Amino acid sequence: MSKVYLIRLSLLGFLVIAVVAPSANATRKSVVLGGKADIPNVQTNIEIQELGRYCVEQFNLMEESEQGNAESIANTAVLNPLNFSRVVSAQKQVVAGLKYDLRIEVIQPDGTNRMFDSVVIIQPWLHSKKLLGFTPVATPVY
């Protein structure tokens, strides 16, 4: 809870000056401006789950494009793309838009689950959403 202090100047009548001093509890939970913030309840957050689905779809499209350019069918990633399972954790950061760092669980073509870290940036004023990174996690941490 913040405290507000009032100061009275007798010559000028009442002059109210608000000085906001954060309490001890507020400073422990302070967020650095421009820093990353955890997004709570990602399992039930429909917007975050849809953003995770978008990341997997974009990754599959990029894999398809690379395979088409190489004119090779040796890689079965396109024939059997990754399937979105769920976003297990998420962080948000205000940059030139909103940058999301997502930990996504996918189902691989062989039916096993695997975790990926994904970075996506959204710039609503440009109607832009772009996948910046999609990398497998070496050791999944839930």
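Residues numbered from 1 in each chain as written. Predicted model: local features only at pLDDT ≥ 70, side-chain atom pairs only at ≥ 80, totals over all residues. Heavy atoms only, no water.

## Focus on the pairing of strand S6 (residues 113-123)
Moving on, step 1. For strand S5 (residues 97-107) and S6, the ladder comprises ten bridges, and the chain directions are antiparallel. Paired with arginine 103 across the strands is aspartate 117, a residue of S6.
Moving on, step 2. Adjacent in sequence and paired antiparallel, S5 and S6 are bridged by five residues, among which glycine 111 carries a positive phi angle near 95°.
Moving on, step 3. Where S6 lies against strand S7 (residues 128-136), eight bridges are found, and the strand directions are antiparallel. When the bridges of S7 are listed, serine 118 appears paired with phenylalanine 134.
Moving on, step 4. With antiparallel pairing between neighbouring strands as the criterion, S6 and S7 make up a hairpin whose turn holds four residues, including histidine 127 at a positive phi of roughly 55°. (Pairing = 2+ DSSP bridges. Helix = DSSP H or I, 4+ residues; strand = E, 2+ residues; numbered from the N terminus.)

## Description of the pairing of strand S4 (residues 83-95)
Moving on, step 1. With two bridges joining them, strand S3 (residues 37-38) and S4 adopt antiparallel strand pairing. Bridging across to S4, alanine 37 finds its partner in lysine 92.
Moving on, step 2. Alignment of S4 against S5, held across eleven bridges, turns out to be antiparallel. When the sheet's bridge partners are listed, arginine 86 is paired in S5 with glutamate 105.

## Describing the side chain of aspartate 101
Moving on, step 1. Summarising the element assignment, aspartate 101 is placed in strand S5.
Moving on, step 2. Polar side-chain contacts of aspartate 101 include one of 3.2 Å to the side chain of lysine 36.
Moving on, step 3. With near-sequence residues (within four places) excluded, aspartate 101 lies in contact with Lys36, Ser89, Ala90, Gln91, Ser118 and Val119. (Polar contact = N/O pair within 3.5 Å; in protein donor to acceptor, adjacent residues only side chain to side chain. Contact = heavy atoms within 4.5 Å.)

## What to know about the side chain of glutamine 123
Moving on, step 1. Among the structural elements, glutamine 123 can be located in strand S6.
Moving on, step 2. At 2.7 Å, the side chain of glutamine 123 forms a polar contact with the backbone oxygen of alanine 96.
Moving on, step 3. Residue contacts for glutamine 123: discarding those within four places in its chain leaves Ala96, Gly97 and Ser128.

## Observations regarding the packing of aromatic side chains
Moving on, step 1. Overall, the coordinates contain three aromatic pairs when judged by the stated rule.
Moving on, step 2. Their ring planes at 45° and their centres at 6.2 Å tell us that phenylalanine 59 and phenylalanine 116 sit as a pair that is tilted. You can see phenylalanine 59 sitting in helix H2 (residues 46-70) and its partner phenylalanine 116 sitting in strand S6, a full 57 residues away along the chain. You'll find phenylalanine 59 and phenylalanine 116 in the same group, each marked buried.
Moving on, step 3. Here a set of aromatic residues connected by ring pairs shows up, and it is made of Phe59, Phe116 and Phe134.
Moving on, step 4. We note lysine 129 situated over the ring of tyrosine 54; from NZ or CZ to the ring centre the distance is 4.5 Å. (Phe/Tyr/Trp six-rings, centres within 6.5 Å; stacked < 30°, edge-to-face > 60°. Buried < 20%, exposed > 50% of the residue type's maximum accessible area, 1.4 Å probe, protein only. Lys NZ or Arg CZ within 6 Å of the ring centre and 35° of its normal.)

Scope: geometric values only; no functional claims are made or implied.
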